[in-house]
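One-letter residues, chain by chain:
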Amino acid sequence: MTGKTHIIGGIAACVITVRFTPYDPLLLTAAGIFGSLLPDICHSGSKIGRKIPLLSKLVSALFGHRTFTHSLLFLLLIQVLFSLFHLPDEVSAGVLVGAASHLLLDAATKNGIKLLYPLQMTFRLPLTIRTGGAAENGILAGLVLLVFYFGQHII
Ligand SMILES: [Zn+2]
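Residues numbered from 1 in each chain as written. Predicted model: local features only at pLDDT ≥ 70, side-chain atom pairs only at ≥ 80, totals over all residues. Heavy atoms only, no water.

S.K.: Just checking my understanding: could you explain helix H5 (residues 72-84) for this structure?
M.R.: The α-helix advances 3.6 residues per turn, and as a result positions three or four apart in sequence lie on the same side. A rise of 1.5 Å per residue sets the reference length of H5, with its 13 residues, at 18 Å; its end C-alpha atoms lie 19 Å apart and thus fit the reference within 8%. Listing the buried residues of H5 in full gives Phe74, Leu75, Ile78 and Phe82. Within H5, the buried residues cover an arc of 105° as seen down the axis, which keeps them to one side. In H5, the exposed positions angled more than 90 degrees off the buried face are occupied by Leu76 and Leu84. The distance from a side-chain oxygen at the start of H5 to the backbone nitrogen of Leu73 is 3.3 Å, and the residue carrying that oxygen is Ser71. (Helix = DSSP H or I, 4+ residues; strand = E, 2+ residues; numbered from the N terminus. Expected span 1.5 Å × (residues − 1). Buried < 20%, exposed > 50% of the residue type's maximum accessible area, 1.4 Å probe, protein only. Arc of directions from axis to C-beta. Polar contact = N/O pair within 3.5 Å; in protein donor to acceptor, adjacent residues only side chain to side chain.)

S.K.: What is the right way to look at the coordination of the zinc ion in this model?
M.R.: Each donor-metal-donor angle would ideally measure 109.5 degrees in four-coordinate tetrahedral geometry, or 90 or 180 degrees in six-coordinate octahedral geometry. Here the zinc ion is held by the protein donor atoms Asp40 (OD), His70 (NE2), His102 (NE2) and Asp106 (OD), which lie 1.9 to 2.2 Å from it. In this structure, the zinc ion is surrounded by four donor atoms whose angles at the metal cover 94 to 165°, and the resulting shape is irregular. Look at where the donors of the zinc ion fall in the sequence and you get D-x29-H-x31-H-x3-D. One end of the pair, Asp40, is in the loop between helix H2 (25-37) and helix H3 (47-51); the other, His102, is in helix H6 (residues 89-106), with 62 residues separating them in the sequence. No difference in accessibility class separates Asp40 from His102, as the two residues are buried. (Donors = N, O, S within 2.8 Å, 3.2 Å for Na, K, Ca; no water. Tetrahedral: all angles 85-135°; square planar, octahedral: opposite > 155°, others 65-115°.)

S.K.: Explanation requested: H2 in the structure shown.
M.R.: Here H2 spans 18 Å end to end across 13 residues, near enough to the 18 Å set by a 1.5 Å rise per residue. Those residues of H2 lying buried are Leu28, Thr29, Ala31, Gly32, Gly35, Ser36 and Leu37. Check the buried side of H2 and you find it contacts helix H1 (3-20), H3 and H6. (Contact = heavy atoms within 4.5 Å.)

S.K.: Where do I start with the packing of H2 against H6 in this structure?
M.R.: Relative orientation and spacing of two packed helices are given, respectively, by the angle between their axes and the distance between those axes. The N-to-C vectors of H2 and H6 enclose an angle of 40°; their axes lie 6 Å apart at closest approach. When the axis of H2 is compared with that of H6, the two are oblique. In this structure, H2 crosses over H6, and the sense of that crossing is right-handed. Listed contacts from H6 to Leu27, Leu28, Ala31, Gly32, Phe34, Gly35, Ser36 and Leu37 of H2 are Glu90, Val91, Ala93, Gly94, Val95, Gly98, Ala99, Ser101 and His102. When the residues that make up the contact of H2 with H6 are grouped by side-chain class, the tally is nine nonpolar, seven polar and one charged. (Axes fitted to C-alpha atoms, helices over the stretch in contact; angles between N-to-C directions. Parallel < 35°, antiparallel > 145°, perpendicular 65-115°, else oblique. Left-handed = near helix turned anticlockwise from the far one by under 90°. Nonpolar A, V, L, I, M, F, W, Y, C, P; charged D, E, K, R; others polar.)

Structure below.
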């Protein structure tokens, strides 16, 4: 999926999460936006990869695209790192929810993800689309509707 779809997906996941948790909506969603882009650190042409090119190239060289950073192991690492730095719960939860939304959206693409990395098994949803294609615009529109539906309960 493209960066804008991941961002809206991260926002949607966070506004839904806010409905079921006591977390501060703004802090959770801001962290969620970051988390929604974080897995693509493995791709130097991604939104986050262009911001931190050296780290992106290093991660890409070490793991390749859509492997380690698109796995459950990566989500676990995020949690461990954030607990070590004693960040607020909203921040770690937001990044985790945003990153999980990224993995779910990329699992809906034809290339899929290596969810169980280091196992090389590719995981994809039963229905997949091509990144940047017309169907992605439909998913983006659906995510925007989710944001408005669940977001109206926040304000
Ligand atoms: Zn990705």
